[in-house]
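Summary of the model geometry
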Amino acid sequence: MKKVLKIAGLVLLGLLVIWTFVFLYQKSRPKIKTYRIETVTRNNIEKRTVATGKVQPRNEILIKPQMSGIISEIYKEAGEKVVAGDVIAKIQVIPDMVNLSGAESRVERAQLSADQSRSNYERDRKLYENQVISKEEFEKVQLQYRNDQEELRAATDNLSLVRTGITKSSAKYSNTLVRATVSGTILDVPVKVGNSVIQSNNFNDGTTIASVANLSDMLFVGKIDETEVGKLSVNMPMEITIGAIQDKKIPAKLEYVSPKGVEESGAILFEMKAAMEMPADVFIRAGYSANADIILDRRDSVLSISESCVEFSNDSAFVYTVKSEKPQEFDRKYVKAGLSDGINIEILEGLKMNDKVRGNEIIETKK
């Protein structure tokens, strides 16, 4: 039994030695790499960049009241379309007590003067008809009577304005009615019935009653990095992708690039604006987040290969042209590269149509 175990151990040891020699032999064998073979073809190459931003109306108009008071009625809400002149809200005037007292006193004085001049007019009219006084004297009394009547009317209107902000003669055009100054869509009504509002003046911008904009004239407003801003030019085409409408690309043209950059998170960014060609079948809301796919440069029908086939050394570019496919043999060759889109690269010199070059490694085999 011991003899059998001894023989078995020797056999196992021999097998282990043989396996070790085989393993070391396999490791020492040279490796052969196999590469994909790619062909020079003609393609359209575009260099693009992406700018992030949002969609905004070209002009957003803030509607301000022409007098201070309290909102008593709101006739429109966000999303409704308005025409210039439409009434959006109504303001109830809170009169100042000093002004109110002064206006009431003015009416009382005007009333007294009007009553007195009426009596004088009626008396002198009869005297004139009986030819007791001259026409000249009568006309002076008549003029005074008319002036006092006009003063009473003006004082009454002033009192009405102080109390309610409305006069009988101008009720339709009263400053208590807040009207749309442009046609468009109401984006927001930030006030509610009962809110106090103040008119715009030299010391205050005034309370915004509503904001109105034309949603058929929209801009993409975004920012682009300083490394790419120099490649932009006015009227450059781009495609806008809106986050809420992923399957729709909206064409646009660049209108504006800011002459001054701002620093954000350590990078210098420049504002840009592009006019969007609004589709008729899609309603686009102001404030949507969006990305602009900008075509910085384009080459049509040029010789190109996969960029992974090209090696770069300093300012030079090289490829490995196919000398033999079986076995694979290659020659290193200088080429002049052009525009790249990150996948394919333009070849200006060094290769011609249908030339074959070495691509990426695909497999490792033993010789």
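Scope of this entry: the structure provided in the associated data block. (Residues numbered from 1 in each chain as written. Predicted model: local features only at pLDDT ≥ 70, side-chain atom pairs only at ≥ 80, totals over all residues. Heavy atoms only, no water.)

**Observations concerning the pattern of salt bridges**
- Counted by the stated rule, this structure contains 19 salt bridges.
- Ionic pairing is found between Glu311 and Arg358, a salt bridge with its closest N-O pair at 3.7 Å. Within this pair, whereas Glu311 is found in strand E17 (residues 311-313), its partner Arg358 is found in strand E21 (residues 356-366), the two being separated by 47 residues in sequence.
- With relative accessibility at 18%, the residue Arg358 sits in the buried group.
- The closest approach of N and O atoms between Asp355 and Lys352, which form a salt bridge, is 3.5 Å.
- Judged by its relative accessible area of 17%, Asp355 falls in the buried class.
- In the salt-bridge network here, residues are joined through shared partners; they are Glu46, Arg48, Asp293, Arg298 and Asp300. (Salt bridge = Lys/Arg side-chain N within 4 Å of Asp/Glu carboxyl O. Helix = DSSP H or I, 4+ residues; strand = E, 2+ residues; numbered from the N terminus. Buried < 20%, exposed > 50% of the residue type's maximum accessible area, 1.4 Å probe, protein only.)

**A look at the environment of Arg146**
- With respect to the secondary-structure elements, Arg146 resides in helix H3 (residues 135-164).
- Note on Arg146: relative accessible area 54%, which makes it exposed.

**Here we look at the side chain of Asp148**
- Relative to the assigned elements, Asp148 resides in helix H3.
- Comment: no salt bridge for buried Asp148; closest opposite-charge side chain is Arg118, at 9.6 Å.
- Once residues lying within four places of it in the same chain are set aside, the contact partners of Asp148 are Ser113, Ala114 and Ser117. (Lys, Arg positive; Asp, Glu negative; His and termini not counted. Contact = heavy atoms within 4.5 Å.)

**Some points on the packing of aromatic side chains**
- In this structure the tally under the stated criterion is four aromatic pairs.
- A ring pair is formed by Tyr121 and Tyr145, whose centres lie 4.8 Å apart and whose planes are at 10°; its orientation type is stacked. Separated by 24 residues along the polypeptide, Tyr121 in helix H2 (residues 97-129) and Tyr145 in helix H3 bring together distant segments of the chain.
- For the pair Phe318 and Tyr334, a centre-to-centre distance of 6.2 Å together with 75° between the ring planes defines the contact as edge-to-face. Here Phe318, found in strand E18 (residues 316-325), pairs with Tyr334, found in strand E19 (residues 328-340); they are 16 residues apart in sequence, far enough to count as distant.
- Assessed through its relative accessible area of 16%, Phe318 is described here as buried. (Phe/Tyr/Trp six-rings, centres within 6.5 Å; stacked < 30°, edge-to-face > 60°.)

**Overview of unusual backbone geometry**
- Lys326 connects to Pro327 through a cis peptide bond whose omega is -10°.
- Looking at where Pro327 falls in the secondary structure, it is placed in the loop between E18 and E19.
- The backbone of Ser265 sits at a positive phi, close to 55°, despite the residue not being glycine.
- With respect to the element layout, Ser265 can be found in the loop between strand E14 (262-264) and strand E15 (267-276).

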